[in-house]
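Observations on the model geometry
For reference, the chains in residue letters:
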Amino acid sequence: ISLLGFLFAFVLLITIKEFFTGKILYRREIEALTKIPVIAEVAFNETKDLLVVEPGKRTYAAEEFRKIRSSLSYLGINSEKKKILVTSSISGEGKSFITANLAISISATGKKVILVDMDLNKPTLGKILNIHSDKGVSDFLLGNVKVQDIIEEVPKYGNLSYISAGTIV
């Protein structure tokens with residue numbers, strides 16, 4: 001009886017803790033609160049490797065990005081509607097991780113992809129892709145360079161190009 005009582009108390013404690021936390025923990029919570037479709041879920045990446053989608057790599061995380069890629073076609077991302085924006089208001093939520101891996105996943109299908117780092121405060125996509133560029137979006141917006149001058153090919157991925165955030169002012 002005491003073992004069942006302890007188990008019940010433990011389950012009750014966990015349930016109360018989840019109820020009063022201010023975080024969204026489960027997919028069903030998002031679906032209950034919004035009408036936005038959830039096309040896939042990406043599990044927390046505990047490794048230090050920020051690029052989980054590699055040619056020939058068959059990991060669980062890589063498969064999640066392939067699932068997102070195929071789900072995008074059902075949402076109308078096609079030859080006419082080609083732009084995807086990944087954004088968030090809080091730093092550290094995984095925007096760069098999602099963006100880089102999704103771009104690699106899409107480019108692996110043979111489609112040409114240009115990854116644009118628009119984070120003018122703390123750009124990180126260049127570090128993830130191991131590309132260091134002096135010129136980028138901020139320099140283009142200031143009129144200092146032409147768009148052709150800031151597009152760089154990502155060496156390891158044939159159909160992937162990159163535009164850095166540029167000079168941080």
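Residues numbered from 1 in each chain as written. Predicted model: local features only at pLDDT ≥ 70, side-chain atom pairs only at ≥ 80, totals over all residues. Heavy atoms only, no water.

When you go through the protein chain residue by residue, the secondary structure sums to 7 helices and 3 strands. Taken from the N to the C terminus, the helices and strands of the protein chain come in the order α-α-α-α-β-α-α-α-β-β. Over its C-alpha trace the protein chain gives a radius of gyration of 20 Å, far above what one expects of a compact globule, namely 15 Å for 169 residues. Principal axes of the C-alpha set define a box for the protein chain whose edges measure 75 × 35 × 30 Å. With 169 residues in all, the protein chain has 28% of them scored as buried. Just so you have it, the protein chain exposes about 12,500 Å², and 61% of that area is on carbon and sulfur atoms. (Helix = DSSP H or I, 4+ residues; strand = E, 2+ residues; numbered from the N terminus. Rg over C-alpha atoms; globule rule 2.2 N^0.38 Å. Buried < 20%, exposed > 50% of the residue type's maximum accessible area, 1.4 Å probe, protein only. Areas by Shrake-Rupley, 256 points an atom, 1.4 Å probe, with all protein chains shown as cover.)

Look at any regular strand and the pattern is simple: side chains alternate between the two faces of the sheet. Of the two faces of strand β1 (residues 113-116), the one lined by Val113 and Leu115 is fully buried and the one lined by Ile114 and Val116 carries no buried residue. As paired elements, β1 and strand β3 (residues 160-163) share 4 bridges and run parallel to each other. Across the sheet, residue valine 113 finds its bridge partner in β3, namely leucine 160. (Pairing = 2+ DSSP bridges.)

To continue, consider the side chain of serine 161. Its location among the elements puts serine 161 in strand β3. Classification of serine 161 as buried rests on a relative accessible area of 8%. Each residue touching serine 161, except ones within four places of it in the same chain, is listed here: Val113, Ile114, Leu115, Ile151, Glu152, Glu153 and Val154. (Contact = heavy atoms within 4.5 Å.)

What follows covers unusual backbone geometry. Of note in this structure, asparagine 130 is not a glycine but carries a positive phi near 60°. Mapped onto the fold, asparagine 130 is located in the loop between α5 (125-129) and α6 (137-141). Owing to a relative accessible area of 59%, asparagine 130 belongs among the exposed residues under this scheme.

The subject of this paragraph is the environment of aspartate 49. Here aspartate 49 is to be found in the loop between α2 (27-33) and α3 (60-74). Sequence separation between aspartate 49 and glycine 92 is 43 residues, and the spatial gap between their C-alpha atoms is 15 Å. Ignoring sequence-local partners within four residues, the contact set of aspartate 49 consists of Lys57 and Phe97.

A few words now on the packing of α3 against helix α4 (residues 95-107). In contact at an axis separation of 9 Å, α3 and α4 are set at 70° when each is read in the N-to-C sense. When the axes of α3 and α4 are compared, the pair comes out roughly perpendicular. Between α3 and α4, the residues in contact are Phe65, Arg66, Ile68, Arg69 and Leu72 and Phe97, Ile98, Asn101, Leu102, Ser105 and Ile106, respectively. (Axes fitted to C-alpha atoms, helices over the stretch in contact; angles between N-to-C directions. Parallel < 35°, antiparallel > 145°, perpendicular 65-115°, else oblique.)

Between its first and last C-alpha, α3 extends 22 Å over 15 residues, near the 21 Å set by a 1.5 Å rise per residue. Listed as buried for α3 are Ala61, Ala62, Glu64, Phe65, Arg66, Ile68, Ser71 and Leu72. On its buried face, α3 is in contact with α4. Positive backbone phi, approximately 100°, marks glycine 76, located one or two places after α3. (Expected span 1.5 Å × (residues − 1).)

What follows is about the layout of surface pockets. Roughly 170 Å³ of internal volume is contained in the second largest pocket. Residue composition of the lining of the second largest pocket, by class: 5 nonpolar, 5 polar and 2 charged. (1 Å grid on protein atoms, 1.4 Å probe; cavity = no way out; pocket = protein on both sides within 12 Å on 5 of 7 lines; lining within 4 Å. Points joined across faces, edges and corners; volume = space filled by probe spheres on them. Nonpolar A, V, L, I, M, F, W, Y, C, P; charged D, E, K, R; others polar.)

Here the focus is the environment of threonine 34. Residue position: threonine 34 is located in the loop between α2 and α3. The class of threonine 34 is partly exposed, set by a relative accessible area of 32%.

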